[in-house]
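Coordinate analysis (summary)
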Amino acid sequence: MTAAETAVPSIATRAAATLFLVPPRTDRLTLGRRLVAPLISDRAQDHALALRGLHPDVMELLPPGGKEKIGIDQVREVIRMAQFSAAQAERKACLAPYAEDLTPEASNALLKILEEPTRGMVFALLAEHTGDLLPTIVSRSRLERVQPEARRAQADRLMSAGYSALDAAWLTRAATRAGDLADLAAARISVQDARDRARARFTASSANDLVASCLDAGPIDRREALCVLAERAHARDPELLSTGTLTLAAQERSTLFVFLGEFLAACADAVRDSTTQPVAAASAIPVRALERACTAIETANRALLAYTASEAVLLSLFFALGGSLGE
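If you're wondering where the values come from, they're calculated on a predicted model, not measured in any experiment.

**Considerations on helix α16 (residues 287-305)**
- Look at α16: 27 Å from first C-alpha to last across 19 residues, which is about the 27 Å you get at 1.5 Å a residue.
- Along α16, the residues that are buried comprise Ala-289, Leu-290, Ala-293, Cys-294, Ala-296, Ile-297, Ala-300, Asn-301, Leu-304 and Leu-305.
- Phi for Tyr-307, located one or two positions after α16, is positive at around 65°.

Shown next as C-alpha cells:
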C-alpha cells in the first residue's frame, strides 16, 4: 500500500476539503492525482483517467503558463464549474497540488466556496506546512499527513550501510530534515548508544539547552530532545514552563511550525510503536495520553496559525501536556 492510499479517507467520511501535508521534494502533481482519484469515484476507469490528468470531473488548479502564482480568475472558473453536476464520476473535484501558490485574492475566493461548499464537489489541497496557507482555509479542511514514499528505500540504504532493520526504521522516522540520512549512512554509529548518551545529557540539561537541541541538533539528538521535552512537560518542570517557553517563543514562526511538526511526529511515532520510542518506553507514558498529546500539539499549531501570541500558545501546550500525560 502506498503513502497516497493510506492517506485517503473512506468514501463515507470524505470532507468537502482535504489538506494533504506532503514531504519536501514530492512530485505533487503525480501524488495529487493519485490522492484525488478515490475522492471522485470508486471505479477503476475513473481512477485511470484521473491519474493521467484527463478526467472531465477533476479540475487541476495550477499556475498558468509562464506564471508562478494561481490567480483569482482561475479560482472563479473553478467556482463556475462547481455549479454543474459531475459528468462521469460520483463527484467533481478540484486539485490544487501547489496550494501555497494561490495569491491572497485567489485564497480568499477559494475560502468562500469552502465556507459554503457545493454539494458533490470536493477539494484536494497539497502543501508542505499548514503555515503556507490562510489559517481559515486550514481550519475548514480535513488534515492528512502523507508519509514519504521513499521511506522503504531510505531504510534499505541505511541497512546497506550496516544498520539493523530496527535501527534503520527508527532513523528514517527521526531523520526529518534534508541531509540527515546522508550523514547517518556515511558513518555508521551505534544508534542505541547514541540515544542513551543523548537521553542522559538532555535529562540533566538546562531548559534552554534542551530547547536548542530540539531546534538545531542532529536527527538522533533532536528526536531524543523532543522526547525528553515531552517528559519534562509531563512533570510540569518549572524551568521548562518559564525559561524554556520564553526561549522557544522568541523563535521565528516558521521555526515554531517545524518544531511542532517534529514534536507531533515524535509523539505519533510513540503511539504507533511504543517498543522503539523512548517517550513511551522510558517514561511509561500511557499510549492514550500520548494520543491526547498529539491532539494538544495540533491545537497549538492551529492557534499559531491564527496568530495567537507564541508565548501563550507554547505555555498552553506545555500545560496541556502535563494535564493529559499525568496519569
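**Describing the environment of Ala-109**
- Topologically, Ala-109 is positioned in helix α5 (residues 104-115).
- With a relative accessible area of 11%, Ala-109 lands in the buried category.
- With 38 residues separating them along the chain, Ala-109 and Gly-71 place their C-alpha atoms 9.8 Å apart.
- Discounting chain neighbours no more than four positions away, the residues touching Ala-109 are Ile-72, Val-75 and Ile-79.

**So, the pairing of strand β1 (residues 17-21)**
- Summarising burial for β1: five of the five residues are buried, a large majority.
- The alternating pattern of β1 places Ala-17, Leu-19 and Leu-21 on one face and Thr-18 and Phe-20 on the opposite face, and all of these are buried.
- Bridge count for β1 against strand β5 (residues 142-145) is four bridges, and the pairing is parallel. Bridge pairing in β5 links Leu-21 to Arg-145.

**With respect to the side chain of Asp-237**
- Locating Asp-237 in the fold gives a position in the loop between α12 (219-234) and α13 (238-249).
- Polar side-chain contacts of Asp-237 include one of 3.2 Å to the backbone nitrogen of Glu-239.

**Points about the packing of aromatic side chains**
- Under the counting rule described, the total for this entry stands at one aromatic pair.
- Across the ring face of Trp-170, the terminal group of Arg-195 is positioned such that the distance to the ring centre comes to 4.1 Å.
- Cation over ring: Arg-201 sits above Phe-202, and NZ or CZ is 4.9 Å from the ring centre.

**Here we look at the pattern of salt bridges**
- For the structure on display, the rule yields 19 salt bridges.
- Between Arg-28 and Glu-100 there is a salt bridge whose closest N-O contact spans 2.8 Å. One end of the pair, Arg-28, is in helix α2 (residues 28-40); the other, Glu-100, is in the loop between β3 (92-96) and α5, and 72 residues separate them in sequence.
- Since its relative accessible area comes to 22%, Glu-100 is described here as partly exposed.
- For Glu-239, the salt bridge goes to Arg-232, with nearest N and O atoms at 3.7 Å.
- By relative accessible area, which is 31% here, Glu-239 ends up partly exposed.
- Among the residues examined, Arg-232 registers a relative accessible area of 11% and is labelled buried.
- Linked through salt bridges whose partners overlap, the residues forming this network are Arg-195, Arg-199, Glu-224 and Glu-231.

**What about the packing of helix α8 (residues 165-174) against α12?**
- Their axes nearest at 9 Å, the elements α8 and α12 cross at an angle of 75°. Comparing their axes, α12 and α8 come out roughly perpendicular. Note on element contacts: α12 touches α8 through Pro-219, Ile-220, Arg-222, Arg-223 and Glu-224, opposite Trp-170, Leu-171, Arg-173 and Ala-174.
- Of the residues in the contact of α8 with α12, the class split is five nonpolar, no polar and four charged.

**So, the confidence of the model for the protein chain**
- Averaged over every residue, the pLDDT of the protein chain is 84; residues scoring 70 or more account for 89%.
- Across the protein chain, the element-wise mean pLDDT spans from 41 in helix α1 (residues 3-7) up to 96 in helix α11 (residues 207-216).
- Overall, residues 1-13 carries pLDDT values under 50, and its contacts beyond four positions in sequence, including any with other chains, amount to 24 contacts.
- This stretch, residues 275-284, has a pLDDT under 50; its non-local contacts, to residues over four places away or in other chains, come to 34 contacts.

**Overview of the environment of Met-159**
- Along the polypeptide, Met-159 turns up in helix α7 (residues 151-160).
- Along the primary structure Met-159 and Ala-169 are separated by 10 residues, whereas in three dimensions their C-alpha atoms are 9.3 Å apart.
- Apart from the residues lying within four places of it in its own chain, the contact partners of Met-159 are Arg-152, Ser-164, Ala-165 and Ala-168.

**Brief notes about the sheet that holds strand β4 (residues 121-127)**
- Spatially, five strands are ordered β2-β3-β4-β1-β5 in an open sheet, and the strand pairing comes out parallel. The outermost strands of the open sheet, each flanked by one partner alone, are β2 (58-60) and β5. Across the sheet, the mean angle separating the axes of adjacent strands is 20° when strand polarity is ignored.

Each value, and the rule that gives it
Residues numbered from 1 in each chain as written. Predicted model: local features only at pLDDT ≥ 70, side-chain atom pairs only at ≥ 80, totals over all residues. Heavy atoms only, no water. Helix = DSSP H or I, 4+ residues; strand = E, 2+ residues; numbered from the N terminus. Expected span 1.5 Å × (residues − 1). Buried < 20%, exposed > 50% of the residue type's maximum accessible area, 1.4 Å probe, protein only. Contact = heavy atoms within 4.5 Å. Pairing = 2+ DSSP bridges. Polar contact = N/O pair within 3.5 Å; in protein donor to acceptor, adjacent residues only side chain to side chain. Phe/Tyr/Trp six-rings, centres within 6.5 Å; stacked < 30°, edge-to-face > 60°. Lys NZ or Arg CZ within 6 Å of the ring centre and 35° of its normal. Salt bridge = Lys/Arg side-chain N within 4 Å of Asp/Glu carboxyl O. Axes fitted to C-alpha atoms, helices over the stretch in contact; angles between N-to-C directions. Parallel < 35°, antiparallel > 145°, perpendicular 65-115°, else oblique. Nonpolar A, V, L, I, M, F, W, Y, C, P; charged D, E, K, R; others polar. pLDDT = per-residue confidence, 0-100.

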